Amino acid sequence: MTKPLAERLRPNTLDEYIGQKHLVGPGAILRKMIDSGRISSFILWGPPGVGKTTLANIIANKLETPFYTLSAVTSGVKDVREVIEKAKSNRFFSQASPILFIDEIHRFSKSQQDSLLGAVEKGVVTLIGATTENPSFEVIRPLLSRSQLYVLKSLEKEDLLELLNRAIKTDVVLKERSIELKETNAILRFSGGDARKLLNILELVVESDSADTVVITDDIVTERLQQNPLAYDKDGEMHYDIISAFIKSIRGSDPDGAIYWLARMVEGGEDPAFIARRLVISASEDIGLANPNALLLANACFDTLMKIGWPEGRITLAQTTIYLATSPKSNSAYMAVDAAIELVRQTGNLPVPLHLRNAPTKLMKQLGYGQEYKYAHSYEGNFVNQQYLPDELKNNRIWMPQGNPAEDKLTERMKMLWGEKYNK
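Everything in this summary refers to the structure shown in the same document. For clarity, every value in this text was computed on a predicted model and none was experimentally measured. (Residues numbered from 1 in each chain as written. Predicted model: local features only at pLDDT ≥ 70, side-chain atom pairs only at ≥ 80, totals over all residues. Heavy atoms only, no water.)

**Observations regarding unusual backbone geometry**
Peptide bonds are mostly trans, and most non-glycine residues show a negative phi. Proline 311 follows tryptophan 310 through a cis peptide bond whose omega is 15°. Topologically, proline 311 is positioned in the loop between helix 16 (293–308) and helix 17 (313–326). The residue glutamine 20 is not glycine, and still its phi comes out positive at about 55°. Position of glutamine 20 among the secondary structure elements: in the loop between helix 1 (5–8) and helix 2 (21–24). Here glutamine 20 falls in the buried class, since its relative accessible area comes to 5%. The backbone phi angle of glutamate 104 is positive, close to 55°, even though this residue is not glycine. Here glutamate 104 lies in the loop between strand 3 (99–103) and helix 6 (110–121). (Helix = DSSP H or I, 4+ residues; strand = E, 2+ residues; numbered from the N terminus. Buried < 20%, exposed > 50% of the residue type's maximum accessible area, 1.4 Å probe, protein only.)

Rendered as structure tokens:
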């Protein structure tokens, strides 16, 4: 049986590897580590189809050390312990530690990760993990702290075109056909920076055309995918497209659109915890101060989901989705923190005004630390007008309230307290 095109074209060396130049290009950090023949534990984080598993396979081919692979989907604690025992027996003093590659490490439970921690700490194995999820959410802190984190990016247009041309010219099956890449916008757009998806689409289009010369155009690609929409997405690789549509529907206050995309994720087998986390983010990023209860409800949704599980959890997700979609929207907190971070980057480490400094020692008190500070609770209305920003920024405004009933109330209060500053 012929392997799929994506498998046939999987590179075996770094020279054949396409993309991720910031990690494996000449002089890049991961390239130097691999070329040296000794690697430390690391986790590869990036969307599907950008080369995480391929990179692990290249390392296995390059380094002369035992290499073990586990899939977090099918492996349990027992499998982890068995691999660790094998690694111990295959370890020689002159050798680097055996490598353990764990695909989809974000699906490992805490107990599975705990069973791995000791072996990584003692150098029994060198861990390479691959994940499409933010490791800070899914990987236990002790394991994360003992591993480097490398972020892989979606492939650029030039990378995808290079891959297309390589497939047409070098693949044992495709090079026997006459294939003309007349237009590439559709195939690049549908691939979404995912190499595997790109090759699956190419294979689908070529196999569905019996003509002597296969001419690839935008219309043909679109037509073939509409006829067979899941052919290029067999394992839920539209994950990022659908979550994007879901969040944008909430942001756009369309409960029908939001609940539809939620249903697509539920039916496609998406991780419910991933959906719940996105709802928490949306509650802060898109609704924010316009309705602070949104964040409380989103957090309650996450907690409830963890308690009641599936399939009942879908009802809680639906309730929260509709609430967020129908809620007033504001991103003023999101904009404010980004504006403040940019201000800090521009102005550097400005000194804290003396009256705001702590004075734990006699010398600091003598220097005036904290002397002029006015304790707000000692004044009427628990407020006193004093300076809280560094001297150089004392007239700056950072938080800019937006027009909704909740923030209008906050703005009126700020005008009452600060007067002219909030009338600008």
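**Thoughts on helix 9 (residues 157–170)**
Here helix 9 contains 14 residues, and its C-alpha end-to-end distance of 20 Å stays within 8% of the 20 Å for a straight helix at 1.5 Å per residue. Those residues of helix 9 lying buried are Asp159, Leu160, Leu163, Leu164, Ala167 and Ile168. The buried residues of helix 9 occupy an angular sector of 165° when projected down its axis, which confines them to one face. Exposed side chains of helix 9 directed beyond 90 degrees from the buried face belong to Glu158 and Lys169. Here the buried face of helix 9 lies against strand 6 (178–181), helix 10 (185–191) and helix 11 (195–207). (Expected span 1.5 Å × (residues − 1). Arc of directions from axis to C-beta. Contact = heavy atoms within 4.5 Å.)

**Focus on the environment of asparagine 12**
Secondary-structure assignment places asparagine 12 in the loop between helix 1 and helix 2. The exposure class assigned to asparagine 12 is partly exposed, which follows from its relative accessible area of 48%. Along the backbone, asparagine 12 and aspartate 79 are 67 residues apart, and their C-alpha atoms lie at a distance of 27 Å. When near neighbours in sequence (up to four residues on either side) are disregarded, asparagine 12 contacts Ile58 and Asn61.

**Quick notes on the pattern of salt bridges**
Per the counting criterion, the structure on display carries 16 salt bridges. Close ionic contact of arginine 31 with aspartate 15 constitutes a salt bridge, the shortest N to O distance being 3.1 Å. Here the residue arginine 31 occupies a position in helix 3 (residues 29–36), and aspartate 15 occupies one in the loop between helix 1 and helix 2, the gap between them amounting to 16 residues. With relative accessibility at 63%, the residue aspartate 15 sits in the exposed group. (Salt bridge = Lys/Arg side-chain N within 4 Å of Asp/Glu carboxyl O.)

**Focus on the sheet that holds strand 3**
The strand order across the open sheet built from five strands is 2-3-4-1-5, with neighbouring strands paired in parallel fashion. Only two strands of the sheet have a single partner each, and these edge strands are strand 2 (67–71) and strand 5 (148–151). Each strand axis lies, on average, 15° off the axis of its neighbour in the sheet, ignoring direction. With five bridges connecting them, strand 3 and strand 4 (residues 126–131) associate as parallel partners. Considered in strand 4, the bridge of aspartate 103 is made with alanine 130. (Pairing = 2+ DSSP bridges. Axes fitted to C-alpha atoms, helices over the stretch in contact; angles between N-to-C directions.)

**Notes on the packing of helix 15 (residues 272–287) against helix 17**
Each packed pair of helices is defined by two parameters, the angle between the axes and the distance between the axes. Where helix 15 contacts helix 17, the axes come no closer than 11 Å and their chain directions differ by 20°. In terms of orientation, helix 15 and helix 17 fall into the roughly parallel class. For the pair helix 15 and helix 17, the crossing hand works out as left-handed. Contact with helix 15, carried on its side by Pro272, Ile275, Ala276, Leu279, Ser282, Ala283 and Ile287, involves Leu317, Thr320, Thr321 and Leu324 of helix 17 and no other residues of that element. Residues of the contact of helix 15 with helix 17, tallied by class, amount to eight nonpolar, three polar and no charged. (Parallel < 35°, antiparallel > 145°, perpendicular 65-115°, else oblique. Left-handed = near helix turned anticlockwise from the far one by under 90°. Nonpolar A, V, L, I, M, F, W, Y, C, P; charged D, E, K, R; others polar.)

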